[in-house]
Amino acid sequence: MPVYEAITATATPRSALNWLRNGAGAKLLADLAAGELDCSHEALDAHPRRQAADYLRHILLANGVLPARDETLASVERFLTDTLTGLARDHDRRLVQAYATWRVLRRLRRSAERAGRPRSYTRHARANITAAVAFLNWLADHGPTLTEAGQGDVETWLTGGPARYQARDFLQWAATAGHARKLTVPTLASRTGPSGSDEQRWAQIRRLLHDDSLELTDRVAGALLLLYGQQLSRIVAMTTDQVITRADKVFLRFGRDDVHIPEPLAGLLLTLIRQRRRYIGVGTPPTGSRWLFPGLQPGRPLTAARLGERLRALGIRAQPGRRSAMTNLAAQVPAAVLADMLNLAPTTVVKWVSDAGGDCSRYAADLVRAADHQP
């Protein structure tokens, strides 16, 4: 019944009718209703029409028909199963499975517990698993086993490009677990890349805050990027309960602290929650979504990749924009305060403060000067 009510309550009935007639997920829903498909995560995981099964899963999850599970973790587990088929040697396949289970997936579970709210990123985990598979396949083609491989083999492997340095995590685990010698993969120097100019950033901010012809989703998300230096993956994972109204003021909780949001962005945030997005997926619960930026998948947020595309259409590029915002913030706010305010690692913030030419002593001096000028 909750699924039936969600479909019939769709704001655009034509979309619901088209999905029921032609949608691959609708065919699976019919099989489920007829008892030909079990209503379980396991049955959907095993279904050969992966995309259709995943869409139906989102409908069932969003409407409380299936029990909730960590879909981010589950997607990496499915990725691991598919990736293991690319290993030629059984021993290597068991090795990567052990590495992924006891290192990569275990780390993801701990990250989920610490985060306190859903995440939307798995790129690093997938890259580590892919690099491990690629390195073992390379060894299979060149002769030595992992146990026999030496530093010279690693150096040769690394000449294939920067992506190969991602095998560092696997080799560290293999050495600790006794599957390989202690082999060194140096850390690649981070590439800061270009930063947008302050003038360009403020011009984009003014447009986002005042141009009513723009989509509200893009206005709010772009402002969070350009004013508060938030990564796209964090923006799309924000929930409505992170927006707090207290004493006629609006606050946004990025991390531990509630950050006061001034007008006009405060009003845009409240309007976004009240109006919600017009285009949402068929099967989305009529009561709405907890996501601040709901996506087309029922019960799921907008993806970071899709948000990046939307902002690029407005001339806003995420990485240069975020660098400009963080440099500006780091020049004004001490590292400890900025780390708590934006939920960033202290080492990351210290680097931004250093790049911006600021430090704690300068902040203390600014406070003293401000106090001297008090009437």
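Residues numbered from 1 in each chain as written. Predicted model: local features only at pLDDT ≥ 70, side-chain atom pairs only at ≥ 80, totals over all residues. Heavy atoms only, no water.

Asks: Just to check I follow, could you spell out the overall build of the protein chain for this structure?
Replies: Along the backbone of the protein chain there are 19 helices and 3 strands. At a minimum sequence separation of 6, the contacts of the protein chain that also span at least 24 residues come to 63%. (Helix = DSSP H or I, 4+ residues; strand = E, 2+ residues; numbered from the N terminus. Contact = heavy atoms within 4.5 Å.)

Asks: Hey, could you run me through the packing of helix 8 (residues 123–142) against helix 9 (residues 151–158) in this one?
Replies: Geometrically, a packed helix pair is captured by the angle between its two axes and the distance between the axes. As a packed pair, helix 8 and helix 9 sit with axes 11 Å apart at the nearest point and diverge in direction by 115°. Taken as axis vectors, helix 8 and helix 9 run roughly perpendicular relative to one another. Like other packed secondary-structure pairs, helix 8 and helix 9 cross with a definite hand, here right-handed. Of the residues in helix 9, those touching helix 8 at Ala131, Ala134, Phe135 and Trp138 are Asp153, Val154, Thr156 and Trp157. (Axes fitted to C-alpha atoms, helices over the stretch in contact; angles between N-to-C directions. Parallel < 35°, antiparallel > 145°, perpendicular 65-115°, else oblique. Left-handed = near helix turned anticlockwise from the far one by under 90°.)

Asks: Where do I start with unusual backbone geometry in this structure?
Replies: If a residue is not glycine, its phi is most likely negative; likewise, a peptide bond is most likely trans. Between Glu263 and Pro264 the backbone carries a cis peptide bond, its omega angle lying at 5°. Structurally, the position occupied by Pro264 is in the loop between strand 3 (258–261) and helix 14 (265–275). Despite not being glycine, Asp248 shows a phi value in the positive range, around 65°. Its place among the elements puts Asp248 in the loop between strand 1 (243–246) and strand 2 (249–253). Asp248 gets classed as exposed once you look at its relative accessible area, which sits at 82%. (Buried < 20%, exposed > 50% of the residue type's maximum accessible area, 1.4 Å probe, protein only.)

Asks: For this particular structure, what's the right way to read helix 8?
Replies: Because the α-helix completes a turn every 3.6 residues, residues three or four places apart line up on one side. Taking 1.5 Å as the rise per residue, helix 8 with 20 residues should run 28 Å; its terminal C-alpha atoms sit 28 Å apart, in good agreement. When we look at burial in helix 8, the residues that qualify are Ala125, Asn128, Ile129, Ala131, Ala132, Val133, Phe135, Leu136, Trp138 and Leu139. (Expected span 1.5 Å × (residues − 1).)

Asks: Just to check I follow, could you spell out the pairing of strand 1 for this structure?
Replies: Strand residues, when the strand is regular, have side chains that alternate between the two faces of the sheet. Alignment of strand 1 against strand 2, held across 4 bridges, turns out to be antiparallel. Each bridged residue has a counterpart across the sheet, and for Arg246 the counterpart in strand 2 is Lys249. (Pairing = 2+ DSSP bridges.)

Asks: Hey, could you run me through the packing of aromatic side chains in this one?
Replies: We describe a pair of aromatic rings using the distance from one ring centre to the other and the angle between the two ring planes. What the rule picks out here adds up to 8 aromatic pairs. For the pair Trp19 and Tyr55, a centre-to-centre distance of 6.0 Å together with 45° between the ring planes defines the contact as tilted. With Trp19 in helix 2 (residues 13–22) and Tyr55 in helix 5 (residues 50–62), this residue pair connects regions lying 36 residues apart in the sequence. As far as the burial class goes, Trp19 and Tyr55 line up, both buried. Where Tyr228 meets Phe254, the ring centres are 5.3 Å apart and the plane angle is 40°; that geometry is what we call tilted. With Tyr228 in helix 12 (residues 216–228) and Phe254 in the loop between strand 2 and strand 3, this pair connects stretches of sequence that are 26 residues apart. Take Tyr228: its relative accessible area is 10%, and that puts it in the buried class. Aromatic rings pair up to connect Tyr99, Phe170 and Trp173 into one cluster. In this structure, Arg246 packs its charged tip against the face of Phe251, placed 4.3 Å from the ring centre. In this structure, Arg290 is placed above the aromatic ring of Trp291, and the distance from its NZ or CZ to the ring centre is 4.5 Å. (Phe/Tyr/Trp six-rings, centres within 6.5 Å; stacked < 30°, edge-to-face > 60°. Lys NZ or Arg CZ within 6 Å of the ring centre and 35° of its normal.)

Asks: Would you take a moment to explain the environment of Met238 for this structure?
Replies: Relative to the assigned elements, Met238 resides in the loop between helix 13 (232–236) and strand 1. As for Met238 and Phe254, which are separated by 16 residues in sequence, their C-alpha atoms are 8.4 Å apart. Excluding residues within four positions of it along the chain, Met238 makes contact with Leu224, Gln230, Phe254, Trp291, Leu292 and Phe293.

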